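# Topology and contacts: notes
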Amino acid sequence: MAVLAILVAASFLAAATAASPVPAIYVLGDSLADVGNNNHLPTILRADFPHNGIDYPGKKATGRFSNGKNSVDFLADNLGLASPPPYLALSSSSANYVNGVNFASGGAGVSNDTNKGQCIVFDKQIDYFSSVSASLAQSLGQAQASAHLSKSLFAITIGSNDIIHYARSSSAGDSPQPFVDALIQTLTAQLQRLYDLGARKLVFLGTGPVGCCPSLRELSATKNCSAVANDASVRYNNAAASLLSGMAARHSDMRYALFDSSAALLQFINQPAKYGFAEAKAACCGLGDMNAKIGCTPLSFYCSNRTSHIFWDFYHPTETTARMLTSTAFDGSAPLIFPINIRQLSAL
């Protein structure tokens, strides 16, 4: 049986390598990348019900916090790969792991205290990847497993939930810098651990302008973006850029692409018509003012034309927005994606 498992894993690896310069994608993060892990948790942070998935193939609610595909799906499409399946839905077989795995969990943050008990916290996601890495080493041999991981992409989107919690609890006049510094200190150890486990090509999708999500806009009497949240997001992305640059300087075999989601999405929000959007503030699906009092549930209203909205629900982008952002990250240039884009990173 052990020999069979090795042969099956090796055949999967050969097929993936032949089809794409990147053999697999390993995904860690939050609801912007979750493809169904939270379906397997006793949590209220789920999306496995209508109207989620209304534009997904088969009109199925898969657990994606979207009307359709999310950024990870589009990243995989651009690479000619299947979107990695949720880790909690897989059997413990390395034949599954060799084609990539998605560990992302709705609600997760850099801090393990963010939505604790309601999601797979980021450190636990890394624990799960450690198990996957060990399984690959057992089935492929350490040398081949290390080579496989070094060619694979590691897509990471984390930090938005920490910032949302901070913005909701901070006092007027507080500087977000101590909060951001604490996050980055934690993130430094987490990314270093991923490197130690074999990650060599990192795609870091920075936090968006979370202060402009309908949920935080709705808290303002003027329905403006939360300046506190957006300031924290900019500071966090800048600090993450410094962190990744430092890691690459210390590790000559590490490469990365950092996407400034905040600047990219603000282009859509500030000039919606230019990018084909008609609604930049309200959610497509939800209830209450701006469809932002209650999330997208089977009882919620939803817009008839999802392509005209930037936001699907009170936190998450529509499929159209995710596709456009991923396209920029894949083929764009600095200052939105740097020091190289994802296409260039995948070719290395």
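Residues numbered from 1 in each chain as written. Predicted model: local features only at pLDDT ≥ 70, side-chain atom pairs only at ≥ 80, totals over all residues. Heavy atoms only, no water.

The name an unreviewed UniProt entry assigns to the chain is GDSL esterase/lipase, from the organism Urochloa decumbens. Under the UniProt heading Sequence similarities (unreviewed entry), the entry covering the chain gives this text: "Belongs to the 'GDSL' lipolytic enzyme family." (UniProt positions renumbered as here; feature names shortened; annotations may be inferred.)

Let us now look at the overall build of the chain. Of the regular secondary structure elements, the chain holds twelve helices and ten strands. The C-alpha radius of gyration computed for the chain amounts to 19 Å, which stays within 12% of the reference 20 Å derived for 348 residues, consistent with globular compactness. Principal-axis analysis of the C-alpha atoms gives the chain an extent of 65 × 45 × 40 Å. Considering the chain as a whole, with its 348 residues, one finds that 56% of them fall into the buried category. Restricting to contacts in the chain with at least 6 residues of sequence separation, those with at least 24 account for 72%. Approximately 13,900 Å² of the chain is accessible, and the part contributed by carbon and sulfur atoms is 57%. Mean positive and mean negative side-chain charge positions of the chain (23 and 22 charges, respectively) differ by 4 Å. (Helix = DSSP H or I, 4+ residues; strand = E, 2+ residues; numbered from the N terminus. Rg over C-alpha atoms; globule rule 2.2 N^0.38 Å. Buried < 20%, exposed > 50% of the residue type's maximum accessible area, 1.4 Å probe, protein only. Contact = heavy atoms within 4.5 Å. Areas by Shrake-Rupley, 256 points an atom, 1.4 Å probe, with all protein chains shown as cover. Lys, Arg positive; Asp, Glu negative; His and termini not counted. Charge placed at Lys NZ, Arg CZ, Asp CG, Glu CD.)

Within the fold, Cys296 resides in the loop between β7 (285-286) and β8 (301-302). Here the alpha-carbon distance between Cys296 and Cys284, two residues twelve residues apart in the chain, equals 8.7 Å. Other than its neighbours up to four places away in sequence, Cys296 contacts Phe49, Pro50, His51, Asn52, Cys285, Gly286, Trp312 and Asp313.

Moving on, we get to the nonpolar core. Core analysis: the biggest nonpolar cluster contains 91 residues, and Tyr26, Leu187 and Tyr236 have the highest contact counts within it. For this core, the element with the highest residue contribution is helix α9 (residues 227-250), accounting for nine residues. Membership of the second largest hydrophobic core comes to six residues, among which are Cys285, Cys296, Cys303 and Trp312. (Core = buried A, V, L, I, M, F, W, Y, C linked by side-chain atoms within 4.5 Å.)

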